[in-house]
Amino acid sequence: MSETGESPLDDVGPLSAEEIARAWERELPGVATSSILLLTPLWRVAKLLADQRRRTLRTLGMDAGTLDLVSTLRRSGPPYSLTTRQLGEQSLVTAGAISQRVARAEEDGLVVREPSAAARRAVAVTLTAAGHAEVERVVVSLLAHEERVLERLTPAQRAALEDGLASLLDDLLGDDPTEPA
């Protein structure tokens, strides 16, 4: 602490990706650091967007898990019903997480659970009229907010970012998570 009560680190913000890469180049000469220049800003953007989305959803009165569930049902088209297995596959979460999300949404009157006609042991989750109205209200507001976030990018920047991220995601989804990097 200085005499004014300020820490010498009070004015220090996060290091830039370039500064981080240079520091690693100094500390581990010969190690490739170019990934830092892309992935550090990507991680930071992802965190900021996630924090912003969480705040926006809180303002709209919905949590991210419930939105994922009711959005998946709404996008599925009439009759807005999927099995819990289909919901898990589309949401990339465990059966336990789907079960918790469904229970919460059912308690809120957004979905109903019933035996599935597709399989004897399957459970179908169907969006209710209230769930239909609620997901549309939230999605319209959320997408408007997210469009405002992206309006700083030119159409060419958006297209390049969409292409690059889609390619990276495809590659990552194709990787075997049990194999060392």
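As a reminder, the structure under discussion sits directly above these lines.
For clarity, every value in this text was computed on a predicted model and none was experimentally measured.

A. Here's a closer look at the packing of helix α2 (residues 34-60) against helix α6 (residues 129-150). Running from N to C, α2 and α6 cross one another at 140 degrees; their axes reach a closest spacing of 11 Å. Accordingly, the angle class assigned to the pair α2 and α6 is oblique. Where α2 crosses over α6, the two elements pack in a sense that is right-handed. Contacts between α2 and α6 involve Leu49, Gln52, Arg53, Thr56, Leu57 and Leu60 from the first element and Glu134, Arg137, Val138, Ser141, Leu142, His145, Glu146 and Val149 from the second. Of the residues contributing to the contact of α2 with α6, the split by class is six nonpolar, four polar and four charged.

B. Fine view of the layout of surface pockets. Roughly 1300 Å³ of volume is contained in the largest pocket. Forming the walls of the largest pocket are 31 residues, and the residues nearest its centre are Val45, Ala46, Leu49, Leu150 and Leu165. Class assignment of the residues belonging to the lining of the largest pocket gives a composition of 20 nonpolar, three polar and eight charged. Its volume calculated, the second largest pocket comes out at about 150 Å³.

C. A look at the pattern of salt bridges. The final tally for this structure, using the stated rule, is 10 salt bridges. The partner of Arg113 in a salt bridge is Glu106, with the nearest N and O atoms 2.8 Å apart. For Arg113, a relative accessible area of 36% puts it in the partly exposed group. In this structure, Arg137 and Glu134 form a salt bridge, with 2.7 Å as the shortest nitrogen-oxygen distance. Highlighted residues: Arg137 and Glu134, both in helix α6, separated by three residues, approximately one helical turn. Under the relative-accessibility criterion, Arg137 is labelled partly exposed at 37%.

Definitions and limits used
Residues numbered from 1 in each chain as written. Predicted model: local features only at pLDDT ≥ 70, side-chain atom pairs only at ≥ 80, totals over all residues. Heavy atoms only, no water. Axes fitted to C-alpha atoms, helices over the stretch in contact; angles between N-to-C directions. Helix = DSSP H or I, 4+ residues; strand = E, 2+ residues; numbered from the N terminus. Parallel < 35°, antiparallel > 145°, perpendicular 65-115°, else oblique. Left-handed = near helix turned anticlockwise from the far one by under 90°. Contact = heavy atoms within 4.5 Å. Nonpolar A, V, L, I, M, F, W, Y, C, P; charged D, E, K, R; others polar. 1 Å grid on protein atoms, 1.4 Å probe; cavity = no way out; pocket = protein on both sides within 12 Å on 5 of 7 lines; lining within 4 Å. Points joined across faces, edges and corners; volume = space filled by probe spheres on them. Salt bridge = Lys/Arg side-chain N within 4 Å of Asp/Glu carboxyl O. Buried < 20%, exposed > 50% of the residue type's maximum accessible area, 1.4 Å probe, protein only.

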